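# Close look at the chain arrangement
Letter by letter, the chains look like this.
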Amino acid sequence: TIVQEAARFASLVAVMAETLKTFQLALKGLVVLSSELEAMGNAVYDAKVPELWTKRAYPSLKPLPSWYPDLLKRLAFLQRWIDDGIPTVIWISVFFFPQGFMTANIQNFARRTSVPVDSVQFAYVLMAEDADELRVKPRDGCYVDGLFFEGARWDKRKKTLTDPRPKELFSPVPVIHLLPVVDREQPQKG
């Protein structure tokens, strides 16, 4: 999964580097300014992510001034993963395809426990600790972070969803332990 994600990011960065380089040459009159490059230049001027990049990028509605720093954070997260190994808490939003990561997690559990993969589902445990407080990876599953509630927030004390604070549209979801379980019983309440 990490190899596939890194390849997608490498492809995005390569397109960005190539189009920016070509755009600079076009501005100098050294190459023809194609309609695609002109559209890219207009998008950058308007603080939008160029379509040439969004075709290769992860889903995002952010404007360019906040999209680019977000991209750098994602690249730094992946680089730490490559350099230091699997992190204790996974920033799930970093992935182009988070379902692939979750499926791989279930497959690893099924292989390790010798159970049929189609009998494994996730139980979701909202953690009381923040991401930076978790130091040890769980034995089974993984901790994920990077999700948000819209129009609600998590009350840590009551361990329930509650109304958002005034003028708060989005609030962070607590760290979730994606815990693979065999033949999980459906919750009767909650």
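In case you missed it, the structure is sitting above this.
Per-chain numbering applies: the sequence of each chain, read as written, is numbered from 1 onward. Totals for whole chains, interfaces and linings use every residue, but because this is a predicted model, local features are given only for residues with pLDDT of at least 70 and side-chain atom pairs only at 80 or more, for both listing and counting. Only hydrogens and water are set aside when side-chain values are computed; all heavy atoms of the structure are taken into account.

## Side note on the packing of aromatic side chains
We call Phe, Tyr and Trp rings a pair once their centres come within 6.5 Å, taking the six-membered ring for Trp, and we label the pair stacked below 30 degrees between planes, edge-to-face above 60, and tilted otherwise. For the structure shown, the criterion picks out 11 aromatic pairs. Between the aromatic rings of Phe95 and Phe101, the centroid separation amounts to 5.0 Å while the plane-to-plane angle is 20°, which identifies the pairing as stacked. Accessibility here uses a 1.4 Å probe with only protein chains present; expressed as a share of the type maximum, an area under 20% marks a residue as buried, one over 50% as exposed, and anything in between as partly exposed. Phe95 sits in the buried class, given a relative accessible area of 4%. A ring pair is formed by Phe122 and Tyr124, whose centres lie 6.3 Å apart and whose planes are at 45°; its orientation type is tilted. By relative accessible area, Phe122 is classed as buried at 6%. A connected cluster of aromatic rings, assembled from ring pairs, spans Phe9, Trp53, Tyr58, Trp67 and Phe96. The ring of Tyr58 is capped by Arg74, whose NZ or CZ atom sits 3.8 Å from the centre of that ring. Definition used: whenever NZ (Lys) or CZ (Arg) falls within 6 Å of the ring centre and also within 35 degrees of the ring normal, the charge is taken to sit over that ring.

## Notes on the layout of surface pockets
Only protein atoms enter the 1 Å grid used here. Points where a 1.4 Å probe fits but cannot escape make up a cavity, open sets with protein on both sides within 12 Å along at least five of seven lines make up a pocket, and a residue lines them when an atom lies within 4 Å of a point. Grid points are joined across faces, edges and corners, and a volume is the space filled by probe spheres set on the points. One number sums up the size of the largest pocket: a volume of about 500 Å³. Lining the largest pocket are 20 residues, with Pro59, Arg74, Ser93, Gly146 and Phe148 positioned closest to its centre. Only DSSP runs of H or I reaching four residues or more are called helices, and only runs of E reaching two or more are called strands; each is numbered from the N terminus. Listing elements by their share of the lining of the largest pocket, those giving two or more residues are helix 4 (64-84), helix 5 (98-113) and strand 8 (176-182). Partitioned by chemical class, the residues of the lining of the largest pocket number 14 nonpolar, 3 polar and 3 charged. Of the volumes computed, that of the second largest pocket is approximately 440 Å³. In terms of lining residues, the second largest pocket is bounded by 21 residues, among which Ile86, Asn105, Asn108, Gly141 and Cys142 are the most central. Where the lining of the second largest pocket is concerned, the elements lending two or more residues are helix 5 and strand 3 (142-145). Put simply, Ala, Val, Leu, Ile, Met, Phe, Trp, Tyr, Cys and Pro go in the nonpolar bin, Asp, Glu, Lys and Arg in the charged bin, and everything else, Gly too, in the polar bin. Of the residues contributing to the lining of the second largest pocket, the split by class is 12 nonpolar, 5 polar and 4 charged.

## Looking at the pattern of salt bridges
Basic side-chain nitrogens of Lys or Arg form a salt bridge, by our definition, when they fall within 4 Å of a carboxyl oxygen of Asp or Glu. Applying the stated criterion to the full structure yields 7 salt bridges. Glu5 is paired through a salt bridge with Arg8; the nearest N and O atoms lie 3.2 Å apart. Taken as a pair, Glu5 and Arg8 lie in helix 1 (residues 2-27) at a separation of 3 residues, close to a single helical turn.

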